[in-house]
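Listed below, chain by chain, are the residues.
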Amino acid sequence: MKNIGIKIIIVSLIFFGINGYAQENTKPFYGLKYNEVYIDSMMTNALEKGFFPGAQIIVGTGDFNLISKNYGYHDYTKKQLVKSEDVFDLASMSKVLGATLVTMRLVGDGKIKLTDQVGEIVPMYKKTAISDLTLFELLTHTSGLTPSITFYQALLSTPDNSPFLSNQKSEQYVEPFDNMFVNKNIVYDSKYLVFEPKENWVQIYKNMWLNPEFYPSVYERIAKANTNPRGKYLYSDLNLLLVKQMIETKTGKKLDQFTNEIYTELGISKIGYNPLKWTSIDNVMPTEVDNFFRKDTIKGYVHDEAAAIFGGVSGNAGLFANAESIAVICKILMNNGNYKGKQILKAKVVKEFTDSPLAKEGIYRGLGFDKRKPDEFFTKDDFGHTGFTGTFFFMNRNTNRFLIILTNRVNPTRTNRLMYKDDFSAKIWRQINR
């Protein structure tokens, strides 16, 4: 039966392809059908090979969703099918759909400038090595900040000071984490972390609360993190942590408040931080089985440990959404900031953020947005972002196409990188972006 199914797909591809070229007047119809069959084939193969348990996909234009489909299940028990209202942990797609989106609004309103410096706006950084980093450098990842810091590990220790992780399984290192094994004797710092609600402490997981006195040490480590050449491209989560601080300090408003205002204005409700505050846990896709820090299958709370430390609201990660909500934001960006006749973002700001201002220096990056050096999959006009959990969205105003692919490829483990080895999302993007 499996072979018969594959043959049907191949025949369908050939049929739609030939007819699509042969009948020019009906080319859009056949092109769309061809793309849908191609996507179905890719998804069938991905699910069979275990790239991820489940996925949502939307292909659209500046006006319409052309293809909108769900595939697979919440996890490999195959008990719960993926539905359109299910939300996925977006991981680093949050950089664009959260902090960058808010920055675009603020820049357009003249409330913040790309030349603003970190130390000018956030007093704690005034006399530090990062004080003169600009908002532009943070958004283009040219600040020189180190890629990431595992802040949460400062909350952990072992009685004999043995390492948290080992590359060899043993009696002491039993449970897997990524491609390592976790020390079974890890203990938590009770000064900063408790497992019952405590007044004024920050909930960072369903049974974990963090003492806010921990944050000064986090900010101190960020202030000392510019260890790489400034002006060179180096992708760093810390950049967007600082963007969030600049936004909140400048305006006196929290990032999640800002994003919720914009999402409400757009009429989208299946997007936001801390999803259990606005949707059922049954509608949240599970991510990793975390045997290291949270000792649980993560579902309803952010996967990224840095974002977790900040209570699930961060510049680098934290957003959850379904594909339909993201499609609305894609349409805004495709239409130069306009949505249903209302100017949500200034057109010149959309252009500025989605261009490649440093292309002459060989840096193919927008402001917040991911852009790629043209290759077999991407063109110079494509822009979007990806996420560690297996998420992807890209668009191109010239071809009038956008693509959203949401998966939970880290379930049950982040070691599963099969979709990347296959160039899975890039192949689909190339197919529909012609």
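Please read all numbers here as calculations on a predicted model, not as lab measurements.

Caption draft 1: Spatial organisation of the overall build of the protein. In terms of regular secondary structure, the protein is built from 13 helices and 20 strands. Relative to the 2.2 N^0.38 estimate, which gives 22 Å for 434 residues, the radius of gyration of the protein is 22 Å and therefore close to what a compact globule would have. Its C-alpha atoms give the protein principal-axis dimensions of roughly 70 × 55 × 40 Å. A burial count over the protein gives 54% of its 434 residues as buried. With an accessible surface of roughly 19400 Å², the protein has 52% of that area assigned to carbon and sulfur atoms. Taking the average location of the 54 positive side-chain charges in the protein and that of its 45 negative ones, the two points are 3 Å from each other.

Caption draft 2: Representation of unusual backbone geometry within the structure. Note that the residue after Asn411, namely Pro412, is joined by a cis bond; omega there is 5°. Mapped onto the secondary structure, Pro412 falls in the loop between β20 (401-407) and α12 (418-421). Phi at Asn200 takes a positive value of approximately 70°, unusual for a residue other than glycine. Within the element layout of this structure, Asn200 appears in the loop between β9 (193-194) and β10 (202-205). A relative accessible area of 65% places Asn200 in the exposed class.

Caption draft 3: How the structure looks around the layout of surface pockets. Size it by volume and the largest pocket reaches roughly 830 Å³. What lines the largest pocket is a set of 42 residues, among which Ser92, Gly387, Phe388, Thr389 and Arg409 lie closest to the centre. The residue makeup of the lining of the largest pocket, split by class, is 18 nonpolar, 13 polar and 11 charged. Empty space within the second largest pocket amounts to approximately 550 Å³. Every residue lining the second largest pocket is counted, 26 residues in all, and those nearest its centre are Val202, Phe310, Gly311, Gly312 and Val313. Mapped by element, the contributors of at least two residues to the lining of the second largest pocket are β10, α6 (215-223) and α7 (237-251).

Caption draft 4: The arrangement of the packing of aromatic side chains in detail. For the structure on display, the rule yields 17 aromatic pairs. Ring centres of Phe52 and Phe424 lie 5.4 Å apart, and the angle between their planes is 65°; on these two criteria the pair is classed as edge-to-face. Of this pair, Phe52 sits in the loop between α2 (27-49) and β1 (54-60) while Phe424 sits in helix α13 (residues 424-432), and the two are 372 residues apart along the sequence. In this structure Phe52 comes out as buried when scored by relative accessible area, which is 0%. Among the aromatic residues, ring-to-ring pairing joins Tyr152, Phe164, Phe177, Phe292 and Phe293 into one connected group. The ring centre of Phe258 lies 4.8 Å from the NZ or CZ of Lys253, which sits over that ring.

Caption draft 5: Expanded view of empty space enclosed by the protein. Within the structure shown, the criterion is met by 1 cavity of 30 Å³ or more. Approximately 40 Å³ is the volume found for the largest cavity. Together, Gln56, Ile57, Ile58, Ser68, Lys69, Asn70, Ser84, Ala323 and Glu324 line the largest cavity. Secondary structure elements with two or more residues in the lining of the largest cavity: β1, β2 (65-72) and α10 (323-334). Its residues assigned to classes, the lining of the largest cavity shows 3 nonpolar, 4 polar and 2 charged.

Caption draft 6: Here's a closer look at the nonpolar core. Within the largest apolar cluster, 96 residues are counted, with the highest numbers of intra-cluster contacts made by Ile222, Ile326 and Ile404. Not counting the four nearest positions on each side in its chain, Ile404 is found in contact with Gln56, Ile57, Ile58, Ala323, Ile326, Ala327, Cys330, Phe392 and Phe393. Of all hydrophobic cores here, the second largest spans 24 residues; its members include Phe394, Leu403, Ile405 and Ile428.

Caption draft 7: Broad picture of the packing of helix α3 (residues 94-108) against α7. Two elements in contact, α3 and α7, have axes separated by 11 Å at closest approach and are oriented at 40°. Relative to α7, the element α3 is oriented oblique. Judged by the twist between their axes, the crossing of α3 over α7 is left-handed. Contacts from Lys95, Ala99, Thr100, Val102, Thr103 and Leu106 of α3 reach α7 at Asp237, Leu240, Val243, Ile247 and Thr251. Of the residues assigned to the contact of α3 with α7, the class counts are 6 nonpolar, 3 polar and 2 charged.

Caption draft 8: How the structure looks around the sheet that holds strand β18 (residues 383-387). Spatially, the 5 strands line up as an open sheet ordered β2-β1-β20-β19-β18, and their pairing is antiparallel. Strands with a single pairing partner mark the edges of an open sheet, and in this sheet they are β2 and β18. Sheet twist, expressed as the mean angle between neighbouring strand axes with direction ignored, is 5°. Two strands pair when backbone bridges link them, and β1 and β20 are joined in this way by 6 bridges, in the antiparallel orientation. Its bridge partner being in β20, Gln56 is matched across the sheet by Leu406.

What counts and what doesn't
- Residues numbered from 1 in each chain as written.
- Predicted model: local features only at pLDDT ≥ 70, side-chain atom pairs only at ≥ 80, totals over all residues.
- Heavy atoms only, no water.
- Helix = DSSP H or I, 4+ residues; strand = E, 2+ residues; numbered from the N terminus.
- Rg over C-alpha atoms; globule rule 2.2 N^0.38 Å.
- Buried < 20%, exposed > 50% of the residue type's maximum accessible area, 1.4 Å probe, protein only.
- Areas by Shrake-Rupley, 256 points an atom, 1.4 Å probe, with all protein chains shown as cover.
- Lys, Arg positive; Asp, Glu negative; His and termini not counted.
- Charge placed at Lys NZ, Arg CZ, Asp CG, Glu CD.
- 1 Å grid on protein atoms, 1.4 Å probe; cavity = no way out; pocket = protein on both sides within 12 Å on 5 of 7 lines; lining within 4 Å.
- Points joined across faces, edges and corners; volume = space filled by probe spheres on them.
- Nonpolar A, V, L, I, M, F, W, Y, C, P; charged D, E, K, R; others polar.
- Phe/Tyr/Trp six-rings, centres within 6.5 Å; stacked < 30°, edge-to-face > 60°.
- Lys NZ or Arg CZ within 6 Å of the ring centre and 35° of its normal.
- Core = buried A, V, L, I, M, F, W, Y, C linked by side-chain atoms within 4.5 Å.
- Contact = heavy atoms within 4.5 Å.
- Axes fitted to C-alpha atoms, helices over the stretch in contact; angles between N-to-C directions.
- Parallel < 35°, antiparallel > 145°, perpendicular 65-115°, else oblique.
- Left-handed = near helix turned anticlockwise from the far one by under 90°.
- Pairing = 2+ DSSP bridges.

The analysis is restricted to geometry; functional conclusions fall outside its scope.
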